[in-house]
Every structure is written in structure tokens, then in C-alpha cells.
Amino acid sequence: MEWMLRPSAPEDATWIAELRAVVLRDDLSRLGRYDEVRVRQRFLDSFAAEATQVIVVDGADAGSIAVRPEGGVRWIEHFYLDPAMQGRGVGSAVLERVLADAGGQTFRLNVLRGSPALRLYLRAGFVLDSEDPVDMFLTRPAR
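Report follows, based on the coordinates. Please read all numbers here as calculations on a predicted model, not as lab measurements.

Describing the packing of helix α1 (residues 13-30) against helix α2 (residues 38-46)
- Remark: α1 packs on α2, axes separated minimally by 8 Å, with the N-to-C direction vectors making an angle of 135°. What the angle tells us is that α1 and α2 run oblique. Between α1 and α2 lies a crossing whose hand is right-handed. Of the residues in α2, those touching α1 at Ala13, Thr14, Ile16, Ala17, Glu18, Arg20, Ala21 and Leu28 are Val39, Arg40, Arg42, Phe43 and Leu44.
- Split into classes, the residues belonging to the contact of α1 with α2 amount to eight nonpolar, one polar and four charged.

Some details on the pattern of salt bridges
- Throughout the structure, instances matching the rule amount to ten salt bridges.
- Measuring nitrogen to oxygen at the nearest pair gives 3.2 Å for the salt bridge that ties Arg40 to Glu36.
- Overall, the relative accessible area of 41% leaves Glu36 in the partly exposed class.
- Arg108 is the salt-bridge partner of Asp129, the closest N and O atoms lying 3.1 Å from each other. Of this pair, Asp129 sits in strand β6 (residues 127-131) while Arg108 sits in strand β5 (residues 106-112), and the two are 21 residues apart along the sequence.
- Judged by relative accessible area, Asp129 falls into the partly exposed class, the value being 42%.
- What you see here is one network of salt bridges that share partners, running through Glu18, Arg25, Glu36 and Arg40.

A look at the pairing of strand β7 (residues 135-140)
- Burial runs high along β7: five of the six residues are buried.
- Where β5 meets β7, six bridges bridge the pair, whose relative direction is antiparallel. In the sheet register, Arg108 faces β7, and the bridge partner there is Thr139.
- By the bridge criterion, four bridges tie β6 to β7 in an arrangement that is antiparallel. By the bridge assignment, Glu131 is partnered in β7 with Met136.
- In this structure, the hairpin formed by β6 and β7 is closed by a connection of three residues.

A short note on the layout of surface pockets
- In this structure, the second largest pocket spans a volume of roughly 150 Å³.
- The wall of the second largest pocket is formed by Leu5, Glu50, Ala51, Thr52, Gln53, Val67, Arg74, Arg97, Val98, Asp101, Ala102 and Phe107.
- Among the elements of the structure, β2 (52-57) and α3 (90-101) are those that each provide at least two residues to the lining of the second largest pocket.
- Considering every element that reaches the lining of the second largest pocket, the biggest residue donor is α3, with three residues.
- For the lining of the second largest pocket, a count of residues per class yields six nonpolar, two polar and four charged.

Rules used throughout
Residues numbered from 1 in each chain as written. Predicted model: local features only at pLDDT ≥ 70, side-chain atom pairs only at ≥ 80, totals over all residues. Heavy atoms only, no water. Axes fitted to C-alpha atoms, helices over the stretch in contact; angles between N-to-C directions. Helix = DSSP H or I, 4+ residues; strand = E, 2+ residues; numbered from the N terminus. Parallel < 35°, antiparallel > 145°, perpendicular 65-115°, else oblique. Left-handed = near helix turned anticlockwise from the far one by under 90°. Contact = heavy atoms within 4.5 Å. Nonpolar A, V, L, I, M, F, W, Y, C, P; charged D, E, K, R; others polar. Salt bridge = Lys/Arg side-chain N within 4 Å of Asp/Glu carboxyl O. Buried < 20%, exposed > 50% of the residue type's maximum accessible area, 1.4 Å probe, protein only. Pairing = 2+ DSSP bridges. 1 Å grid on protein atoms, 1.4 Å probe; cavity = no way out; pocket = protein on both sides within 12 Å on 5 of 7 lines; lining within 4 Å. Points joined across faces, edges and corners; volume = space filled by probe spheres on them.

Here it is, written out as C-alpha cells:
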């Protein structure tokens, strides 16, 4: 399996919003927060093509990851991978590349409570900063 990252374009927004709805459905439903319209609209309202890369696996678009700088920290956002690609090492490899390409800066992200993605972030060196009933906020200190 081969993967690469390509810059996103404005026309990627709709399919990434659909992917987001699929990927987050179970976790948001478990938390009593799934809303068929809101799950897509929240992404569309914040999509920044210039900060987003598309994950391409074996020539097909399979996910996204955005990195947004804010006050000396880089926020990882909109990291979604097609469920058919999950568990195959692609997410770990993408995250490793993004972290390495940033030259040792501090990263932050939030993940839904109870999400299996938490294991990925902990393995990558993120630590829990705070949490609320829905989200867990993690930081990976500069290295």
C-alpha cells in the first residue's frame, strides 16, 4: 500500500465533510452529539484548503489532515481516514510525517472522548492537557 499527501483544493470540501460524518458518527452518537447536518456544517464552516492536505492511498483520495498555526503552536485538525484504510498503519505514517515536517514544534489537538484515535496520539507522544464531557485536549511538546 502506497500513500502520499497532496494539497487540498476548495472542491475537496464536500467529500471531506462526508468522510467526517462517516468517521465521527459512532463516537458522536455514543456521546449523544450526532447531528446529521451539524457534523458536516462544522467542517464546511472551518475548512481552509491552504492548511489541509489530502491523504491519497494507492491513487485514491482516502482522508485529510489540516495543520493550523496559532500562537507558536500547530493545531492538528480534520484528521480523517476512510474506515477501510484504518488499522493499516496509514494514519500513524501520516501523523509521523506531519510531526517530522514541522521541525520539532509544539502540537495540539482535540479528540472525542472514547475515540480509538486516542491510542494513535498517545503513541505519538501527545499527553492529556484537559478534558470536558465531549473532548480531550492533547499536546505534544516541542522536541
